Amino acid sequence: MCIAAFLQVTVIAQKTFDTEAYRPQYHFSPKEHWMNDPNGMVYYKGEYHLFYQYYPGATVWGPMHWGHAISKDLVRWQHLPVALYPDSLGYIFSGSVVVDKNNTSGFKKGPESPLVAIYTYHDMAGEKAGKIDFQTQGIAYSLDKGRTWKKYAKNPVIKNPGIKDFRDPKVIWHEASKKWIMTLAVADHVRFYQSTNLKDWTLGGSFGKTEGNHGGVWECPDLFKLSTKDGKDSKWVLLVSVGTGAPNGGSGTQYFIGNFNGSVFTNDAPKETTQWLDYGKDNYAGVTWHNNPGKRKIFLGWMSNWQYAQTVPTEKWRSAMTIPREISLEKNTGHYQLISTPVKELEQLRKKIQPTLLELNTSYPIHLQELLLQFDLAKAGKEDVGIVLENNQNEKLTIGYHPGKKQFYIDRTGLSDNQFSKDYAGIHLAPRISENEILKMHVFIDQSSVEVFADDGSVVMTEIFFSKQGLNKLTLLPKKEVGAALIDGKMFDLKTIWR
Ligand code: FRU
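Residues numbered from 1 in each chain as written. Predicted model: local features only at pLDDT ≥ 70, side-chain atom pairs only at ≥ 80, totals over all residues. Heavy atoms only, no water.

With that settled, the discussion passes to the sheet that holds strand β1 (residues 33-44). Strand order in the open sheet formed by 5 strands is β4-β3-β2-β1-β20, with mixed pairing between adjacent strands. A single partner strand is all that each edge strand has here, and the edge strands are β4 (77-84) and β20 (317-318). (Pairing = 2+ DSSP bridges. Helix = DSSP H or I, 4+ residues; strand = E, 2+ residues; numbered from the N terminus.)

All right, on to the sheet that holds strand β12 (residues 202-207) then. Read from one edge of the open sheet, 4 strands run β9-β10-β11-β12, paired in antiparallel fashion. In this open sheet, the two strands that pair with only one neighbour each are β9 (166-174) and β12. The sheet shows a mean angle of 25 degrees between the axes of neighbouring strands, direction not considered. Sheet topology note: the strand β11 (residues 189-195)/β12 ladder contains 4 bridges and is antiparallel. Across the sheet, Arg191 pairs through a bridge with Ser206, a residue of β12. (Axes fitted to C-alpha atoms, helices over the stretch in contact; angles between N-to-C directions.)

What follows deals with the side chain of Thr136. Along the chain, the position of Thr136 falls in strand β7 (residues 135-142). In this structure, Thr136 is in contact with Tyr119, Thr120, Tyr121, Pro156, Ile158, Lys159 and Asn160, ignoring residues within four places of it in sequence. (Contact = heavy atoms within 4.5 Å.)

Let us look at the environment of Ser71. Tracing the backbone through its elements, the reader meets Ser71 in strand β3 (residues 65-71). Considering only alpha carbons, one finds Ser71 and Tyr43, 28 residues apart in sequence, at a separation of 9.4 Å. Beyond its immediate chain neighbours, meaning those up to four positions away, Ser71 contacts Gly46, Glu47, Tyr48, Arg76 and Trp77. Within the local environment of Ser71, its side chain forms a polar contact with the backbone oxygen of Arg76, the two atoms lying 2.8 Å apart. (Polar contact = N/O pair within 3.5 Å; in protein donor to acceptor, adjacent residues only side chain to side chain.)

Moving on, we come to the site of the ligand. Taken together, Asn36, Asp37, Gln53, Trp61, Met64, Phe93, Ser94, Arg167, Asp168, Glu219, Tyr284 and Trp306 form the complete shell of residues around the ligand. At a separation of 2.9 Å, an oxygen atom of the ligand approaches a polar side-chain atom of Glu219. One of the side-chain N or O atoms of Trp306 is found 2.8 Å from an oxygen atom in the ligand. Relative to its free-state accessible area of 310 Å², the ligand is covered by the protein chains to the extent of 95%. Residue assignment for the shell around the ligand shows that the elements contributing at least two residues are β1, β5 (91-99) and β9. Among the residues forming the shell around the ligand, the class breakdown is 5 nonpolar, 3 polar and 4 charged. (Near = heavy atom within 4 Å. Areas by Shrake-Rupley, 256 points an atom, 1.4 Å probe, with all protein chains shown as cover. Nonpolar A, V, L, I, M, F, W, Y, C, P; charged D, E, K, R; others polar.)

On to empty space enclosed by the protein, then. Inspection of every chain in the model, using the stated rule, returns 7 cavities of 30 Å³ or more. A volume near 120 Å³ is recorded for the largest cavity. Surrounding the largest cavity, 14 residues form its lining, Ser319, Ala320, Ser448, Ile464 and Phe466 being those nearest its centre. Here the residues of the lining of the largest cavity are counted per class, giving 8 nonpolar, 5 polar and 1 charged. What the second largest cavity holds in volume is close to 90 Å³. Along its surface, the second largest cavity is lined by 14 residues, and Pro38, Asn39, Ser94, Gly95 and Val287 are the ones closest to its centre. (1 Å grid on protein atoms, 1.4 Å probe; cavity = no way out; pocket = protein on both sides within 12 Å on 5 of 7 lines; lining within 4 Å. Points joined across faces, edges and corners; volume = space filled by probe spheres on them.)

Going through the model one piece at a time under the given rule, you end up with 24 salt bridges. Glu219 serves as the salt-bridge partner of Arg167, at 2.5 Å between the closest nitrogen and oxygen. Separated by 52 residues along the polypeptide, Arg167 in strand β9 and Glu219 in strand β13 (residues 218-227) bring together distant segments of the chain. Under the relative-accessibility criterion, Arg167 is labelled buried at 9%. (Salt bridge = Lys/Arg side-chain N within 4 Å of Asp/Glu carboxyl O. Buried < 20%, exposed > 50% of the residue type's maximum accessible area, 1.4 Å probe, protein only.)

Pasting the structure below:
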């Protein structure tokens, strides 16, 4: 294609992305067709790679491929051709990518470090034939900065031991033992495998049969070490997604904080405790980037829920990712918890440096927004605090905090495009952890999603929404003027990434 024609195609595509119903304006979404979990997130030579579960044949789940996109700044993405296609061993399910700097795999041929993808093969024919060993682990490598991939000739590298759910390998380099560690989701627990070359794997310990939430099968684990902000202490963090059984129904991601010795993970918290990374209904299967510069741990999740992901009312594509978040560790009343913060790169989306200063009892026109709010709970008394998004078709979405119940909520019941699933509309809740009289909310509003980082990110709620007409009016709660309940209200208009 000549350059002029290429530019024209790009412009046309962007025009429709601007106006298409429900198309996210600053979240990653596939151009067309079905997407689920983020996969293989890796940084290499100035590029953040995002692979994802992709079915290029329809807008519902099907034979899984790895879609691919890259970004220099985690905000604007360039779509690349499909990276991995199904083959005779099966569909390509979720997994991870590592930069093999020391060529432990021996795959290196030219100047680039091998990027090695470790993923699950799902043998659909085997499953249909009633087998139980249809999930195995395979590897593939790229010697050209992720542009083309070659599958390893001796796949699978881990055979199935006779367990139906045996998937989603997340691999890290474990400096202390000088080994690669794979965390694998195995039905109701995770297993840790070790390797020196990414090809031969030995089983180490396992974790989780009697810990945390078991409302559904365990999927998409991630294991990483995290230091406290002052650098004085560090802990190992294990993320585990559960397909069903999350606090507000359906899919969700829990986490454990403890220690890992290269083979065994021990949980600091009592067995029955479950900590959730996000209480909203729409953040699933998220994991962190490998090899990015600095010490940041950057997380991205799939912004949907298996309860209704395949029936949401988008036409050409299905699903988007959350905004990228930095995950950090904080000690609160004696125990550790994770804090999620929108990555600072997102600030480039702000249209102006100066925000609009918000007041109670005023309505503001909105489209794509970022809000930084602080409420004085003592002044608000019994009144809910938060925000209401509306339109002149009487559609409404409320994001609030109920002081009596000490709960945050997102109320999707007031939106009209909700026929696609009985599990979608509802009032979804999150407990407040902080005891502070000043309550903070950092909110991101896109065309069809809202992300709330409450109390500096100790409680997070991510939800998608579908309103027949755009929600174009914002007011704050409390609606009644209760003496100076709002102590700080800043709002930024955000840019679309399509222009
Ligand atoms: C999670 C998941 C993974 C699996 C993939 C298949 O959403 O079920 O466990 O690898 O999706 O698309």
